[in-house]
Amino acid sequence: MAPRIQLEKAAWRWVETVKPEDIRQEHIELAYRVNLPACKRGACRRNCKGNPNCLVGIGEQAWLGEIDENAFHNIDDPNSERRDKNTFVGLTNLGATCYVNTFLQVWFHNLELRRSLYQCHNSRGMTFPQSICEHLQYLFALLQNSNRKYIDPSGLVKALGLDTGQQQDAQEFSKLFLSLLEDTLSKQKNPNLQNVIQRQFCGQFSYVTVLPQNFMISHWVCLKENNIKLLYLSTLQEEKLDGENRYFCENCQNKQSATRRIKLHSLPPTLNLQLMRFVFDRQTGHKKKLNTFISFPEQLDMGPFLEGKQDQKCVYELSAVLIHRGISAYSGHYIAHVKDARTGDWYKFNDEEIEKMEGKKLQLGIEEDIAETVKSQTRKPKCSKGYHCSRNAYMLVYKVQEEESADPSRTNVEVPAFLQRLVDQDNHKFEEWCSEMADMRKQSVDKGKAKHEEVKELYELLPTKDGEPYEFIPLDWLKKWLDDSTATKEIDNSLFLCSHGKLHPDKVGESKRVSRQAAQLLYERYGGGPRLDDSSLCRECVGQRCRVLRLKNQLNEDYKEVSNLVKRTLSGEGYWVGKASLRSWRQLALEQLEEDEHETKHSNGQTNGQGPHINNSKDLSEGNEDEMKTFNEDIVCSHGGLSILETERKLVSSEVWTKLRAYFPKAPEFNQNQESCQQCLTLEQEEKDNEAVSKMMALDQKNQLLNLFHEKNRPTLTKWPQGTDILYIVPLFFVDEWRKFIRRPTKSSPVSNVGNTLLLCPHGGFMFTYDSLINGDAQHIALLWPNEWEVISRLFIVDQPISIHCFKQTTPNLCWECRESFLFQQQRDLREYTQATIYIRKVIEDKRMIKEAAPEMNASSSEAEEEKEEHPKVDGEKDPDFSQKSKTRHSTPFISGIRRSTRHRKLRGEKALIVSANQTLKELKIQIMHAFSVAPFDQNLSIDGKSLTDDSATLGSLGVIPESIICLKADEPIADYAAMDDVYQVRMPEEGFKGTGLLGH
């Protein structure tokens, strides 16, 4: 079948030879494509939308022939969620909790820890887990006896207060969680439970320093989990303390050369070795991951490093390897390889997925491949027998080697009855869910089979035969009927109707012509309407389309003829046409014809040439052709008459107007004898008269206040002028608005009121003191000479005069209550700011800091000086007086002053930061670290010579206000990267684990 566009053109080709009044039924059927041949199956790759008789490719392929019953549903087999026999249970990743899942699997396989945890009881009797310990008990019980393939750890994660969308530091999580578990177990009544964590993970070592005099100093510490990260074999070797690193001997009070080493005294059954993969990078100011290879043995003999206690077991076996995949310290994925204590088999735990390794050996496999590109890929070294190599291992777990025993109780851990009841309840829910899913699958299959029979029956009845009655059904509805994934709704033909209530010709391509028998069955089963049969072909729409298409074909010829006729000299009767309309009439006509061609039932009825539109004549005078929708509307005024702007219209002949009217039959018509709108003429004259009055008024006011307009010979507060004892105050806003009117009297409104109330409080008192005016508040006022005030008083409305006198005799009429409230609000705004700018200036030497910072500090301090509050003074003190009506002379001259610039001048080595008042100093240091690459512990901050040291204090409490300048002096870098890593942590140990509630329980 031909493409859709070709079918549409062929359907209307007859309009070239047939006028609208000559249309017959055969032309209507051609327009609706009733007689196009139907497509056969296999002839079309997809449905022909331009052919209403094509019923191929609408979704019938899925129903014709035999169908697998699994196609009738999208429900997975619930048994795929069931745990296989003799396998372990996985843990769901809640977003970024893979690091939690790895540790939970490692701890679950620690049989002694699991056995001890099961023995914990509370007095209330657990019906549902509430505390962290109870959640961990329940989670371990599910991992042991659940019927599910994987379980959801949301209960424990929520109890810990972890942010599931943020990946935390895995080593810190392990340390804090075991500390919390140790604290919980220490409160148990059973003494065997109180020190489980210490028995499993704690040992003892001491620092031994040997001086030349053979004097030995020992420092004993308890070796807990995560402190064992100091247990590198290189760390156990002797360290020389010489040069600047010599040891200070408290006995002789002098530095001595010495050697230091770590002496191990006891080891725990479980060694958790942290490999320090993540370190602080001073160049970038961020953590980074070390992706170097490390070799580790399957058996670890700690005997050579243990002091005394020859009876202690010193041989350890590798039991778990925790992997971090990825090159970044802030992202990646965590996986655990764990050895089953009962069988000796190795398993890979990857959240929900669990994979058993072949044989009895650890196989790291693709976990050693880094997904991202690394600039310098290190080739994997060859490993000796009994060793493994890894670039992603960040924690190794070794367990002391036990003698083989036939006692099954050593490896069997029984789930207590109170926990097994909760597990049984969860298993029961799981079985109910499996049964429910199986029932839903069966219902979907039964429904699909019934639909299969229905489609096979009706699809054979859809095609209509020549001469038989037919109806139109929406193509989209037929597709949804054949698509079993969507619910079949009733048939809706309302969107296919034209304005005459029949089938719109443009909607034929979106509908299909089916037999009346098939349509009757579909309407009986699904309902809907209105029904469109062979009597729904619209003769009116076909006739209108015929007229439009004929005009479109004739448009180019008429445009050339009109262009030539307009150039000729006018003779006889003429008509007014807008110049903008005349320039764009072809485009308007084309748009009008296309609008008529695509008219729908929901058309708003607005067409070009419909009639006069209410438009602003001023807009039309500016040639706003883009907004013009109606031909000739550009010469219609706002009153519906002929526009008075003769330059915007042209007189054309009646021949030209006749051709234009064929395209715009409802366009506004004005012959050459039509008078312009009288209302517009009256308004125009009034506007001219008003402009003349405004010009005269502006000229008169300018001549009377010439110095004020040009800002010449203006009085100032810094030096009292000779020859006068009084000056008057008006708002600067009044003067600015008055100058605007003087400059453009026809474009600006005259000023009528001085508006002195802007400078007064609600009680009528003046809002400013003399000192505040000379220090900044003068920017809100203008000073007037007495003769200027007399002119102002005559020309404008004055609410209340405000004057300033040379000498003081009476108390100033100042509202101190409102003044203090105003200043208090200013100060509070400086302490409660958000998203404000401050400046950090990095300095090296004190002299340079003082030299460069001086102009900046002066600039910023000027604002503070402007905001100082001047309190009332006792009688007898000399001070300028502000009064609202004073006739007394004074004898004391004004105190001179000058306003400083408040604009900040940025210097080299200075950067702007956006901060808030409630932000802590520690958070500011993190911002400075990213801006200057200076670690927080190397930063010495000060403001106005005062050091900022309290990291927990807010910026507002430290006196940091907007536009403040903070000086940064950086200490020399240190070489201890491990120390930098610890200090850099925003999550301090005493604050707990960021994003968690670990230390709060």
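Residues numbered from 1 in each chain as written. Predicted model: local features only at pLDDT ≥ 70, side-chain atom pairs only at ≥ 80, totals over all residues. Heavy atoms only, no water.

As recorded in an unreviewed UniProt entry, the protein chain goes by Ubiquitin carboxyl-terminal hydrolase 48 and comes from Lates calcarifer. UniProt, in its Catalytic activity (unreviewed entry) section for the protein chain, records the words "Thiol-dependent hydrolysis of ester, thioester, amide, peptide and isopeptide bonds formed by the C-terminal Gly of ubiquitin (a 76-residue protein attached to proteins as an intracellular targeting signal)." (UniProt positions renumbered as here; feature names shortened; annotations may be inferred.)

Participant: How would you sum up the overall build of the protein chain? Please name residues and give values.
Facilitator: Looking only at helices and strands, one finds 26 helices and 35 strands in the protein chain. Residue burial in the protein chain is summarised as follows: out of 1001 residues, 44% are buried. Long-range contacts, defined as pairs at least 24 residues apart, comprise 76% of the intrachain contacts of the protein chain with a sequence gap of at least 6. Accessible surface for the protein chain amounts to roughly 54200 Å². Of this, 48% is attributable to carbon and sulfur atoms. (Helix = DSSP H or I, 4+ residues; strand = E, 2+ residues; numbered from the N terminus. Buried < 20%, exposed > 50% of the residue type's maximum accessible area, 1.4 Å probe, protein only. Contact = heavy atoms within 4.5 Å. Areas by Shrake-Rupley, 256 points an atom, 1.4 Å probe, with all protein chains shown as cover.)

Participant: Which residues make up the packing of helix H3 (residues 98-108) against helix H7 (residues 170-185), and what values do they have?
Facilitator: Two elements in contact, H3 and H7, have axes separated by 10 Å at closest approach and are oriented at 50°. Put simply, H3 runs oblique to H7. The crossing of H3 and H7 is right-handed. Each of Tyr99, Val100, Phe103 and Trp107 in H3 lies in contact with H7, whose residues at this interface are Ala170, Phe173, Ser174, Phe177 and Leu178. Class assignment of the residues belonging to the contact of H3 with H7 gives a composition of eight nonpolar, one polar and no charged. (Axes fitted to C-alpha atoms, helices over the stretch in contact; angles between N-to-C directions. Parallel < 35°, antiparallel > 145°, perpendicular 65-115°, else oblique. Left-handed = near helix turned anticlockwise from the far one by under 90°. Nonpolar A, V, L, I, M, F, W, Y, C, P; charged D, E, K, R; others polar.)

Participant: Help me get a handle on the sheet that holds strand E32 (residues 910-915), residues and values and all.
Facilitator: An order of E32-E30-E35-E33-E34 is seen for the five strands of this open sheet, with the pairing classed as mixed. Since the sheet does not close on itself, it has two edges, and those belong to E32 and strand E34 (946-948), each with one partner. Strand after strand, the sheet turns through a mean of 35° between neighbouring axes, direction not considered. Bridge analysis of strand E33 (residues 939-943) against E34 gives three bridges, and the strand direction is antiparallel. Bridge pairing links Ile943 to Lys946 in E34. The strands touched by helix H25 (residues 921-932) within the sheet are strand E30 (836-843), E32, E33, E34 and strand E35 (965-970), with E32 carrying the most contacts at an inclination of about 140°. (Pairing = 2+ DSSP bridges.)

Participant: Provide a residue-level description of the sheet that holds strand E20 (residues 470-474), including the pertinent values.
Facilitator: What the three strands build is an open sheet, ordered E22-E20-E24; its pairing is antiparallel. The outermost strands of the open sheet, each flanked by one partner alone, are strand E22 (511-515) and strand E24 (532-533). Pairing of E20 with E24 involves two bridges; the strand directions are antiparallel. When the bridges of E24 are listed, Phe472 appears paired with Leu532.

Participant: How would you summarise the environment of Ala931 if you had to cite specific residues and measurements?
Facilitator: Among the secondary structure elements, Ala931 is positioned in helix H25. Through-space distance from the C-alpha of Ala931 to that of Lys911 is 7.7 Å; in sequence the pair is 20 residues apart. Not counting chain neighbours up to four residues away, the residues in contact with Ala931 comprise Lys911 and Leu913.

Participant: Got a sec to walk through the environment of Ser328? Specific residues and values, please.
Facilitator: Its place among the elements puts Ser328 in the loop between strand E14 (315-325) and strand E15 (333-339). Classification of Ser328 by relative accessible area gives partly exposed; the value is 25%. Placed 50 residues apart in sequence, Ser328 and Phe278 show a C-alpha to C-alpha distance of 9.0 Å.

Participant: Could you give an account of the confidence of the model for the protein chain, naming the residues involved and the relevant values?
Facilitator: Of all residues in the protein chain, 79% attain a pLDDT of 70 or more, and the chain-wide mean is 77. Taking the mean pLDDT of every element in the protein chain, the minimum, 35, falls on strand E31 (residues 881-883) and the maximum, 94, on strand E1 (residues 90-91). Below pLDDT 50 for its whole length, residues 213-234 participates in 65 contacts with residues either more than four positions away or in separate chains. Contacts of residues 600-627 to residues separated by more than four positions or lying in other chains number 50 contacts, the stretch itself having pLDDT below 50. (pLDDT = per-residue confidence, 0-100.)

Participant: An account of the packing of H3 against helix H5 (residues 132-145) is requested, with residue identities and associated values reported.
Facilitator: Angle between the axes and distance between the axes: these two values describe a pair of packed helices. Close contact between H3 and H5 brings their axes to 11 Å; oriented N to C, the two are set at 75°. When the interaxial angle is binned, H3 and H5 end up roughly perpendicular. Contact residues: H3 offers Leu104, Gln105, Trp107 and Phe108, while H5 offers Leu136, Leu139, Phe140, Leu143 and Gln144. A breakdown of the residues in the contact of H3 with H5 according to their chemical character gives seven nonpolar, two polar and no charged.

Participant: Break down the nonpolar core for me, with residues and values.
Facilitator: In terms of nonpolar packing, the biggest core is built from 61 residues, with Trp107 and Phe173 touching the most fellow members. With nine residues, the single largest contributor to this core is H5. Residue assignment places this core across two domains, with domain 1 (78-192 + 412-440) and domain 2 (203-365 + 383-408) each supplying three or more. Counting residues in each nonpolar core, the second largest holds 25 residues, with Leu271, Leu300, Leu364 and Tyr398 among its members. (Core = buried A, V, L, I, M, F, W, Y, C linked by side-chain atoms within 4.5 Å. Domains from an automatic or database assignment.)

Participant: Please provide a residue-by-residue account of the packing of aromatic side chains, values included.
Facilitator: A full pass over the atoms with the stated rule returns 25 aromatic pairs. Each member of the aromatic cluster is reached from another via a ring pair, and the members are Tyr99, Phe103, Trp107, Phe173, Phe177, Tyr334 and Tyr394. Over the ring of Phe108 we find Arg114, and its NZ or CZ is 3.8 Å from the ring centre. One residue, Arg649, lies across the ring of Trp576, its end atom 4.4 Å from the ring centre. (Phe/Tyr/Trp six-rings, centres within 6.5 Å; stacked < 30°, edge-to-face > 60°. Lys NZ or Arg CZ within 6 Å of the ring centre and 35° of its normal.)

Participant: I'd like a rundown of the pairing of E20, residues and numbers included.
Facilitator: Among the five residues that make up E20, five are buried, leaving the element largely enclosed by the rest of the structure. Burial along E20 is two-sided: Tyr470, Phe472 and Pro474 facing one way and Glu471 and Ile473 facing the other are all buried. Two strands pair when backbone bridges link them, and E20 and E22 are joined in this way by five bridges, in the antiparallel orientation. Bridge pairing in E22 places Phe472 opposite Arg513.

Participant: Let's hear about unusual backbone geometry: which residues, and what values?
Facilitator: Look at the link from Gly529 to Pro530: it is a cis peptide, with omega at -10°. In this structure, Pro530 sits in the loop between strand E23 (528-529) and E24. At Arg33, a residue that is not glycine, the phi angle is positive and equals roughly 55°. By secondary structure assignment, the location of Arg33 is in the loop between helix H2 (25-31) and E1. At Asn86, a residue that is not glycine, the phi angle is positive and equals roughly 60°. By the element assignment, Asn86 lies in the loop between H2 and E1.

Participant: Requested: an account of the state of the cysteines, with residues and values cited.
Facilitator: Evaluated as defined, the whole model comprises zero disulfides. Of all cysteine sulfurs, the one in Cys541 lies closest to Cys498, which takes part in no disulfide; the gap is 3.6 Å. (Disulfide = S-S within 2.5 Å.)

Participant: How would you explain the pairing of strand E28 (residues 781-784) if you had to name every residue and give the values?
Facilitator: Going residue by residue along E28, you find Ile781 and Leu783 tucked away on one face and Ala782 and Leu784 tucked away on the opposite face as well. Two elements, strand E27 (residues 726-731) and E28, share four bridges in a ladder whose sense is antiparallel. Counted as the bridge partner of Val730 is Ala782 from E28.

Participant: So what's going on with helix H18 (residues 678-704)? Which residues, and what values?
Facilitator: Look at H18: 40 Å from first C-alpha to last across 27 residues, which is about the 39 Å you get at 1.5 Å a residue. When H18 is considered as a whole, its buried residues turn out to be Cys680, Ser694, Ala698 and Gln701. On the buried face of H18, the contacting elements are helix H20 (732-743) and helix H22 (786-795). (Expected span 1.5 Å × (residues − 1).)

Participant: For H3, give the residues involved together with the corresponding values.
Facilitator: Note that an α-helix has 3.6 residues per turn; residues three or four places apart therefore point the same way. By the criterion of burial, H3 is predominantly enclosed, with 11 of the 11 residues buried. The set of residues buried in H3 consists of Cys98, Tyr99, Val100, Asn101, Thr102, Phe103, Leu104, Gln105, Val106, Trp107 and Phe108.

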